[in-house]
Amino acid sequence: MANFRLFGNATPEVTERELLHRALAREAALEGMVLLKNDGVLPLEEKRIAAYGAGVRMTIKGGTGSGDVLERYSVNVESGLVNAGFEIASTRWLDRFDAQFAHEKEEWRLGIEKRIKKYKVWQVQRMFDEVIHVTPLKFPIGDRIQEEDLCDCKTALYVLARQAGESADRRKEPGDFLLSEVELFNIRLLSERYENLILVINSGSQVDLSALEGVKIGAILFMAQGGEEGGNALGELLRGKVAPSGKLTDTWAYRYEDYPSANEFGIRGNVLEQDYKEGIYVGYRYFDTLGIPVRYPFGYGLSYTEFALSFHAIEARKSLVTLKVSVSNVGMKFAGKEVAQVYLAKPQGTFRCEKRALCAFAKTKELAPGETEELSLSFDLADFAVYDEKAARYVLPSGTYGVYLGNSIQDARPVAVLRLDHDAVTEVCKNVSPKRGSFEELSPETKEEAYPPELPALEISASDIKTKINEYGALSPILATKETERFLNTLSDKDLIDLTVGGGYMGRSYNLTPSVAGRTTINLLKRGIPNVNLSDGPAGLRLSPKNAFTKGGSPRYVDHVPEDWQWGWIKKFEPLFLAKPNKGLRVYQFMTAFPCATLQAQTWNVRLVERIGEAIGTEMIETGVTLWLAPGMNIHRNPLCGRNFEYYSEDPLVSGLFAAAVTKGVQSHRGIGVTIKHFCCNNQEDKREFMSANLGERALREIYLKGFEIAVKESAPKAIMTSYNKVNGVYSPNNADLCVSVLRNEWGFRGLVMTDWTATGDGKGKHELCHRSGNDLIEPGGKAVRKQLLKAHKEKRLDMALVKVAAANVLNLIFESNVHDIRRHK
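So, here's what we can say about the structure. (Residues numbered from 1 in each chain as written. Predicted model: local features only at pLDDT ≥ 70, side-chain atom pairs only at ≥ 80, totals over all residues. Heavy atoms only, no water.)

## Overview of the packing of helix 1 (residues 16–32) against helix 6 (residues 230–239)
- The N-to-C vectors of helix 1 and helix 6 enclose an angle of 50°; their axes lie 8 Å apart at closest approach. By the criterion of interaxial angle, the relationship of helix 1 to helix 6 is oblique. Seen from above, helix 1 lies across helix 6 with right-handed handedness. Contacts from R26, A29 and L30 of helix 1 reach helix 6 at N232, A233, E236 and L237.
- Residue composition of the contact of helix 1 with helix 6, grouped by class: four nonpolar, one polar and two charged. (Axes fitted to C-alpha atoms, helices over the stretch in contact; angles between N-to-C directions. Helix = DSSP H or I, 4+ residues; strand = E, 2+ residues; numbered from the N terminus. Parallel < 35°, antiparallel > 145°, perpendicular 65-115°, else oblique. Left-handed = near helix turned anticlockwise from the far one by under 90°. Contact = heavy atoms within 4.5 Å. Nonpolar A, V, L, I, M, F, W, Y, C, P; charged D, E, K, R; others polar.)

Here you go:
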């Protein structure tokens, strides 16, 4: 029997798979960038342009932390412009920017090195968690544009760039959410000195543009974070080779203070006790209901052409409603794509509800000028029931429901009404996760909408809507595959505990994938149970590109240790981690950096994102990865959350459907799966390991759990990762209400539940409470965690029947995996 099995490629040449996936990444970037303003400046006919701003050369392809991808190459804006046929008139300001940034980066590095001197070799994780990860390099701005930097051309491009990432939230301060004094000076100067100014926003989420009111800007384009092909995609959009078709999945307010959670979020409120006082009124639900004007509404995005949406018919089969609409390209010059969006207005009576909520959407194919496409959009009215906290049930209130059609929330107009004759109970539950604290949740009184009498009306009978009655138990019974059943009863208590503890950061492996985030244990290899590997996401697989292994299977880096590990004693002893020239087995893993999740959702193209999932699945099989630690699908509660780029939207339907799409794509390949995360309410990065998200059950279920519910029911993900934070005072890994009552009893989830990395222990969630709370696998695990669980077992603080359930879920994953071949171990 071999000591290990390697995956990946033996040589570093560019593969056909890389080229195919690059093309897909560019396609997604093209469809997800959003044109926010255009006074006829775009597309550009002029080929010679001026370019300024940090994002021209230091283009942000994606955020930092576990969501980063270590790709072979990435196209910045400068290269993308040149590739699209543009000439950049002068690089003087850009060259000066490069030199300034190099200096700032070195100062930042030296500051961190000084702070981490006290950490010992065995404290490497603390060193990263307590200093490095929470001290991100402040993204550079550059200096003021000088007279000599200006060029004799008509058009200037300014690329405003913002970076964010794991472990820290953004700040409402200049150079982050606000524009800096230098940026304001430069943009104003360019608007005065050039005939045309184009502002490109290279950021994972919103930026406050209020300081630019009154400044002459011809076009604004939200580039977001476009992945490795982002620069090429931007160049093609500006040139007019493709018309923009992205739509916002978040509301852009006029000012930060307009957001409902502005005064509560993060360090502006109580960072450890976050009270979700806005309740269900998150994002457009808040602005639309209260009639607060916004800069750019949810679902908004311009094109180079014009479209007309026409409503033709509506029908209902019990509670399933279907609209027939058509979309026509009424422009004369450009082909393009449009998104038809359907919103539902509930009756305002017993329950106070948001004014409207997205209930269906569809994107057209590319329509030539004059071309029309007919679309069919469906939704189940029962999916939009209100949660009645007092009665612990979901209810569709009787009354009139308005159906709206448009290409954004702001432009949606009523096209039909539904009349429900009586209240309909859709689901009977039990109350979970009682609200922590005595704060009042927002509950605005909303006027009942008066619909035009000529609108078509459908009568829906409450008697046609079924009621689901949930049954609850401590945990679902063991659902074992044949191979799991064969092994389960032969394992000792120690073996069962081993299975529920990850293999550690640097643990031994039989199935070897260099630089994975985690793995299952290898301690039972002689029993025929190999490990499986877990890789970070969600913009692709986060794997080290160049690797080497000794004959015994010990990993080594090639050329240098990855930049984000070059700290302290690791950098000092770097030669110990490197392979000797021409020695050892080489493994190359050049993964694709796809656009960030927010940009993917801004395509409003579910099938396109499913294809991204298929591509990622191909890369997983190539590299021996069984579980992808993605997609991330937390709600964009506030624009300052540091990881918004990893998540899809402020809307749970968008979040759920796009998570389901990428899941279906990945899991179309046999033996691999996704890990939807972070379950749940991980809407803040500052102090995430110790803070509590406090909210009422209606908001919890209708907003923060809804997307997860859609993903679970639509796509059956193989795994779910719990979040670091507490929900109403209870740590998510130890929250049986969420992981058992909701996830397994109500939604019927039958996969694996794991913790986030180091989410238990050290004053956070407890290792020994995981199994009884429905958490099957403690990651990254390792010897210390195993030792503590064995101690708890000896002291009779572990229920081995529940540990056995968890172990069975781990075994099911292993025996169904792409890397399991039991015959190799006989």
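## Observations concerning the side chain of R239
- If you trace the backbone, R239 turns up in helix 6.
- Summary of buried charges: R239 has no salt-bridge partner, and the nearest side chain of opposite charge, E45, is 8.1 Å away.
- In this structure, R239 is in contact with P43, L44, E45, E46, K47, A84 and F86, ignoring residues within four places of it in sequence. (Buried < 20%, exposed > 50% of the residue type's maximum accessible area, 1.4 Å probe, protein only. Lys, Arg positive; Asp, Glu negative; His and termini not counted. Salt bridge = Lys/Arg side-chain N within 4 Å of Asp/Glu carboxyl O.)

## Points about empty space enclosed by the protein
- According to the stated counting rule, one finds nine cavities of 30 Å³ or more in the structure shown.
- Here the lining of the largest cavity is composed, by residue class, of two nonpolar, two polar and five charged. (1 Å grid on protein atoms, 1.4 Å probe; cavity = no way out; pocket = protein on both sides within 12 Å on 5 of 7 lines; lining within 4 Å. Points joined across faces, edges and corners; volume = space filled by probe spheres on them.)

## Some words on the sheet that holds strand 26 (residues 585–588)
- The strand order across the open sheet formed by three strands is 25-24-26, and the pairing between neighbours is antiparallel. Single-partner strands in this sheet number two, and they are strand 25 (555–557) and strand 26. Neighbour to neighbour, the strand axes of the sheet diverge by 35° on average, direction disregarded.
- Pairing of strand 24 (residues 546–549) with strand 25, which is carried by three bridges, proceeds in the antiparallel orientation. Following the sheet pairing, A548 is matched in strand 25 by R556. (Pairing = 2+ DSSP bridges.)

## Focus on the sheet that holds strand 17 (residues 413–420)
- Spatial ordering of the open sheet is given by 12-11-16-17-19, a layout of five strands whose pairing is mixed. The open sheet has two edge strands, strand 12 (357–363) and strand 19 (457–460), and neither has a second partner. Across this sheet, the average inter-strand angle for adjacent strands is 20°, counted without regard to direction.
- Pairing between strand 16 (residues 399–406) and strand 17: seven bridges, direction antiparallel. Its bridge partner lying in strand 17, G402 is registered against V417.

These values are about where atoms sit, not about what they do.
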